[in-house]
Amino acid sequence: REGARRTCGVRAGLDAGARSISHGWLPPVGIAEWLWRVPAAVAKSVDHVVNDALSVLNVGAVRYSEAERLIAVGDVHGDLQALRSTLKIAGLIGASDEWIGGRSTLVQVGDQLDRGDSEIGVLDLLFQLQDQAPRHGGRVHILLGNHELMNADHDFRYVTSGGFEEFSAAPELAPATKKKAGGKFEANALESGRGGVAVAPEVVVTPMSTAMAETIKNMPTWMRARAQALRPGGPISVKLAQRAMVAIVVGDNVFVHGGLKPDHIADANGGDAALDAMNRGTRTWLLGRGEKPAVMRGGRSPVWMRNYSRPAPDSSDCAMLSEVLRRLRCRRMIVGHTPQAGGINAACSGRVWRIDTGMSAAYGGAPEALEITPKRIRVLTVKGPRPGASRMRR
């Protein structure tokens with residue numbers, strides 16, 4: 001399987017009991033005992049663990065200083081080859097998927113999941129680069145898109161059969177349980193140290209409620225492994241809580257999957273405080289420790305809105321965008337979410353760049369990346385770089 005050699009990402013953490021789930025059994029309570037299990041000697045609170053991860057990866061803030069070279073990549077949708085192609089066009093990875101981008105900063109604007117068959121591979125690669133880049137003076141930011149949140153909500157409308165199979169068939173999802181002679185699983189197998197799996201000490205999975213356990217138990221067998229891994233507090237959702245954000249600012253550029261409206265950042269303490277609250281609230285929800293924030297619900301949320309991604313945003317949309325940029329002290333917004341015919345382009349006089357090229361096989365678009373430096377903006381394509389001015393819509 002592609003990406004199997006990586007140990008820093010999803011595959012290193014998916015030592016969960018999803019195989020036992022896919023085989024038709026799910027414990028009604030105490031689900032954490034069947035998932036990642038941190039030995040008592042090194043166990044930490046969820047808050048401590050997540051804060052440690054955010055600190056080590058240097059990705060927990062809202063605002064970051066200007067990057068000498070900033071690369072933005074759009075929606076991937078489970079297409080590992082398309083992601084690789086795009087990162088190679090941008091000069092960020094080598095032949096073995098290693099980071100060669102030096103002091104570059106990469107921002108991937110969400111929608112790693114759905115529509116493709118290599119979702120775990122996509123997350124693995126992004127997590128690997130997020131770990132590697134700081135050693136070379138670079139940085140990788142991963143954003144959450146509407147499809148990551150949909151999967152955490154168990155909305156699987158856009159999952160391919162291969163996507164379900166990737167979760168159900170992965171050998172690293174082997175059961176961490178033992179059977180008694182009578183055929184029943186021991187609920188205390190991990191408590192007593194008899195059974196279980198090797199676990200990265202920085203990972204803590206939030207216990208599942210009885211209601212959630214029953215919901216997953218009643219799902220079709222082929223759906224359960226995915227539901228288990230992506231439910232709030234599950235292995236992949238915890239990884240995303242540790243590593244991904246809703247919105248960030250790098251220099252004078254604000255990044256978000258769908259867009260931001262003045263209502264999204266109407267915080268008495270300023271726009272940065274609003275973004276921080278949005279990021280923290282979503283992180284808490286993904287950890288299984290709270291409800292989804294109100295700002296992240298509905299079709300007008302930052303991961304769903306499309307006002308700035310229409311072929312030709314109207315004057316009211318551009319005025320709304322200008323107000324958001326004023327409040328955030330930013331020059332431009334970079335968004336994904338809506339595939340753009342003709343590739344990456346700018347609208348509203350360059351105040352918004354739309355970078356979802358539909359690169360995945362599901363759409364058939366071309367791999368492209370947006371490059372921003374203090375001196376210029378370019379669109380990086382398979383045929384070479386194009387000046388940003390050539391991609392201005394209006």
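Notes on the structure follow. Since the structure is predicted, the reported quantities are computational estimates derived from the model, not experimental observations. (Residues numbered from 1 in each chain as written. Predicted model: local features only at pLDDT ≥ 70, side-chain atom pairs only at ≥ 80, totals over all residues. Heavy atoms only, no water.)

**Side note on the side chain of Ser 301**
Alright, step 1. Turning to its location among the elements, Ser 301 is positioned in the loop between α11 (271-286) and α12 (315-328).
Alright, step 2. When residues no more than four places from it in sequence are discounted, the contact partners of Ser 301 are His 264, Val 295 and Met 296. (Helix = DSSP H or I, 4+ residues; strand = E, 2+ residues; numbered from the N terminus. Contact = heavy atoms within 4.5 Å.)

**As for the packing of aromatic side chains**
Alright, step 1. The final tally for this structure, using the stated rule, is two aromatic pairs.
Alright, step 2. Aromatic side chains Phe 156 and Phe 164 sit 5.8 Å apart centroid to centroid with 80 degrees between the ring planes, which places their arrangement in the edge-to-face category.
Alright, step 3. On the accessibility criterion, Phe 164 (9% relative accessible area) is buried.
Alright, step 4. When the centroid spacing of 4.9 Å and the interplanar angle of 75 degrees are considered together, the rings of Phe 164 and Trp 222 count as edge-to-face. Taken together, the positions of Phe 164 in helix α7 (residues 161-169) and Trp 222 in helix α9 (residues 221-230) put the pair 58 residues apart, joining distant regions of the chain. (Phe/Tyr/Trp six-rings, centres within 6.5 Å; stacked < 30°, edge-to-face > 60°. Buried < 20%, exposed > 50% of the residue type's maximum accessible area, 1.4 Å probe, protein only.)

**Description of the sheet that holds strand β12 (residues 377-381)**
Alright, step 1. Across the sheet, which stays open at both edges, the seven strands sit in the order β5-β4-β3-β2-β11-β12-β13 with mixed pairing between neighbours. Only two strands of the sheet have a single partner each, and these edge strands are β5 (244-245) and β13 (384-387).
Alright, step 2. With four bridges connecting them, β12 and β13 associate as antiparallel partners. The residue bridging Thr 381 from the neighbouring strand is Gly 384, located in β13.
Alright, step 3. Packing against the sheet, helix α4 (residues 80-89) makes contact with β2 (70-73), β3 (105-108), β11 (369-372) and β12, and its axis sits at approximately 160 degrees to β2. (Pairing = 2+ DSSP bridges. Axes fitted to C-alpha atoms, helices over the stretch in contact; angles between N-to-C directions.)

**Let's talk about the sheet that holds strand β1 (residues 63-64)**
Alright, step 1. A sheet is described by the order of its strands in space; here six strands give the open sequence β1-β6-β7-β8-β10-β9, paired in mixed fashion. Strands with a single pairing partner mark the edges of an open sheet, and in this sheet they are β1 and β9 (345-347).
Alright, step 2. In this sheet, strand β8 (residues 332-335) lies alongside strand β7 (residues 253-256) in parallel orientation, the contact comprising three bridges. Looking across to β8, one finds that Asn 253 is bridged to Arg 332.
Alright, step 3. Most of the contacts of α12 go to β8, to which it runs at about 110 degrees, and overall it touches β1, β7, β8 and β10 (352-354).

**A closer look at helix α10 (residues 235-243)**
Three- or four-residue spacings in an α-helix give side chains the same orientation, since the helix completes a turn every 3.6 residues.
Alright, step 1. Among the nine residues in α10, nine count as buried, and that is most of the element.
Alright, step 2. Among all positions in α10, only Pro 235, Ile 236, Ser 237, Val 238, Lys 239, Leu 240, Ala 241, Gln 242 and Arg 243 are buried.

**Side note on the layout of surface pockets**
Alright, step 1. Taken as a whole, the largest pocket holds about 300 Å³ of empty space.
Alright, step 2. Its residues assigned to classes, the lining of the largest pocket shows eight nonpolar, six polar and seven charged. (1 Å grid on protein atoms, 1.4 Å probe; cavity = no way out; pocket = protein on both sides within 12 Å on 5 of 7 lines; lining within 4 Å. Points joined across faces, edges and corners; volume = space filled by probe spheres on them. Nonpolar A, V, L, I, M, F, W, Y, C, P; charged D, E, K, R; others polar.)

**So, empty space enclosed by the protein**
Alright, step 1. Tallying each qualifying case throughout the model produces one cavity of 30 Å³ or more.
Alright, step 2. Within this model, the largest cavity holds a volume of roughly 40 Å³.
Alright, step 3. Lining of the largest cavity is provided by Leu 144, Leu 240, Ala 241, Ala 244, Met 245, Val 246, Asn 279, Thr 282, Arg 283 and Leu 286.
Alright, step 4. Elements that contribute at least two residues to the lining of the largest cavity include exactly α10, β5 and α11.
Alright, step 5. Examining the composition of the lining of the largest cavity, we find that four residues originate from one element, α11, more than from any other.
Alright, step 6. When grouped by side-chain class, the residues that make up the lining of the largest cavity number seven nonpolar, two polar and one charged.

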